[in-house]
Amino acid sequence: MLDLLLKIQQDREIIKKAEKVLKERPNNDFMKEKKKQFDEKKSEYKNVDSKLKMVKESIEQFEKKLQDVRKELKQEEDKLYGNMKYDLKFINTLEKSIKLKEDEIKDLEEKSLDMMCEEEDLSKERDVLRKKLIDIKDEFYENKKFGNDKIIETKKNMEEAEKDILNCEKKLPPRLLDKFNELCSVKGTGAAKILNGVCSGCRMKVSAVTIDEIKNHKNIVYCDNCGRIIYYGGDSK
Ligand SMILES: [Zn+2]
């Protein structure tokens, strides 16, 4: 009988712990942190992505401008080296214009090259961020699944403990159960084992009188220090 009482206590402890786990949802903070990280990386990603688009547009504009200037240069060179006869003043102007265009082309090519380097860097940065985003997402869902599994397991343990308690209660004499529950509501636990004359509930040595009561198989024996049930001899004795 005492074993049943101790079992009930143990199961109640399991239920209490399970309730705490269900209330706190152990990895809630972790999930919140991951969500925050994801949002931060996502905005970084968007930022890099829009920069990259701008750089690409600039490169296109430079290329377009380069084409135009090269075409103009070609026309002027054709004029200069063609068979047409121009006066010296016009030839001078033409040469100056060609020189300017050559410089402009050089400048545009340099800028375009710089932009391409920047494009490459941004593109790499974006790839790294994308990978990071996927990692965070995977971690998030893995943990969500882990959390769900943990909750399912906790609920299962709780149900088993509840069933166990009902089974134990059925086997107990009502008077003993009432006394036990009364003690539980006051002290948290209502039954204790005696090991080497020491009560497991209060860790105190029980008196010789109490030991005698146990030896004499008294109906219900209580610890003389804490009052917990430490022996049950049955109603007949
Ligand atoms: Zn005690």
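For the structure itself, consult the block above.
Structure report, in brief. (Residues numbered from 1 in each chain as written. Predicted model: local features only at pLDDT ≥ 70, side-chain atom pairs only at ≥ 80, totals over all residues. Heavy atoms only, no water.)

Considering the pattern of salt bridges
Applying the stated criterion to the full structure yields 22 salt bridges. The closest approach of N and O atoms between Arg126 and Asp49, which form a salt bridge, is 2.5 Å. In this pair, Arg126 sits in helix α3 (residues 88-171) while Asp49 sits in helix α2 (residues 28-81), placing the two residues 77 residues apart along the sequence. Residue class for Arg126 comes out buried when judged on its relative accessible area of 17%. Because the salt bridges share partners, they merge into one network encompassing Lys7, Asp11 and Asp164. (Salt bridge = Lys/Arg side-chain N within 4 Å of Asp/Glu carboxyl O. Helix = DSSP H or I, 4+ residues; strand = E, 2+ residues; numbered from the N terminus. Buried < 20%, exposed > 50% of the residue type's maximum accessible area, 1.4 Å probe, protein only.)

What about the coordination of the zinc ion?
Reference values for coordination geometry: four tetrahedral donors around a metal ideally subtend 109.5 degrees, six octahedral donors ideally subtend 90 or 180 degrees. Surrounding the zinc ion are the protein donor atoms Cys199 (SG), Cys202 (SG), Cys223 (SG) and Cys226 (SG), which sit 2.2 to 2.3 Å from the metal. In this structure, the zinc ion is coordinated by 4 donor atoms arranged in tetrahedral fashion, with angles at the metal of 104 to 115°. In the primary structure, the donors to the zinc ion are separated according to the pattern C-x2-C-x20-C-x2-C. Here Cys202 is found in the loop between β2 (198-199) and α5 (208-215), whereas its partner Cys223 is found in the loop between β3 (220-222) and β4 (229-232), with 21 residues between them in sequence. Take Cys223: its relative accessible area is 3%, and that puts it in the buried class. (Donors = N, O, S within 2.8 Å, 3.2 Å for Na, K, Ca; no water. Tetrahedral: all angles 85-135°; square planar, octahedral: opposite > 155°, others 65-115°.)

So, the environment of Leu113
Within the element layout of this structure, Leu113 appears in helix α3. What makes Leu113 exposed here is its relative accessible area of 53%.

Considerations on the side chain of Asp11
Along the chain, the position of Asp11 falls in helix α1 (residues 2-24). Among the residues examined, Asp11 registers a relative accessible area of 2% and is labelled buried. Setting aside residues no more than four positions away along its own chain, Asp11 makes contact with Ala161, Asp164 and Ile165. (Contact = heavy atoms within 4.5 Å.)

Brief notes about the environment of Ile151
Position of Ile151 relative to the elements: it lies in helix α3. Separated by 133 residues in sequence, Ile151 and Ala18 have C-alpha atoms that sit 8.8 Å apart. Leaving out residues up to four positions away in the same chain, Ile151 has contacts with Leu22 and Arg25.

Let's talk about a negative patch on the surface
A surface patch of negative charge is lined by Glu110, Asp114, Glu118, Asp121 and Glu125. You can see Glu125 is positioned in helix α3. Overall, Glu125 belongs to the partly exposed group, its relative accessible area being 39%. (Patch = residues over 30% accessible without salt bridge, like charges linked within 9 Å, V, L, I, M, F, W, Y side chains within 5 Å. Areas by Shrake-Rupley, 256 points an atom, 1.4 Å probe, with all protein chains shown as cover. Lys, Arg positive; Asp, Glu negative; His and termini not counted. Charge placed at Lys NZ, Arg CZ, Asp CG, Glu CD.)

A closer look at the packing of α2 against α3
The contact between α2 and α3 brings their axes to 6 Å, and the two run at 160°. Taken together, α2 and α3 sit at an angle that is classed as roughly antiparallel. By crossing handedness, the relation of α2 to α3 is classed as left-handed. Residues of the contact of α2 with α3, tallied by class, amount to 26 nonpolar, 6 polar and 30 charged. (Axes fitted to C-alpha atoms, helices over the stretch in contact; angles between N-to-C directions. Parallel < 35°, antiparallel > 145°, perpendicular 65-115°, else oblique. Left-handed = near helix turned anticlockwise from the far one by under 90°. Nonpolar A, V, L, I, M, F, W, Y, C, P; charged D, E, K, R; others polar.)

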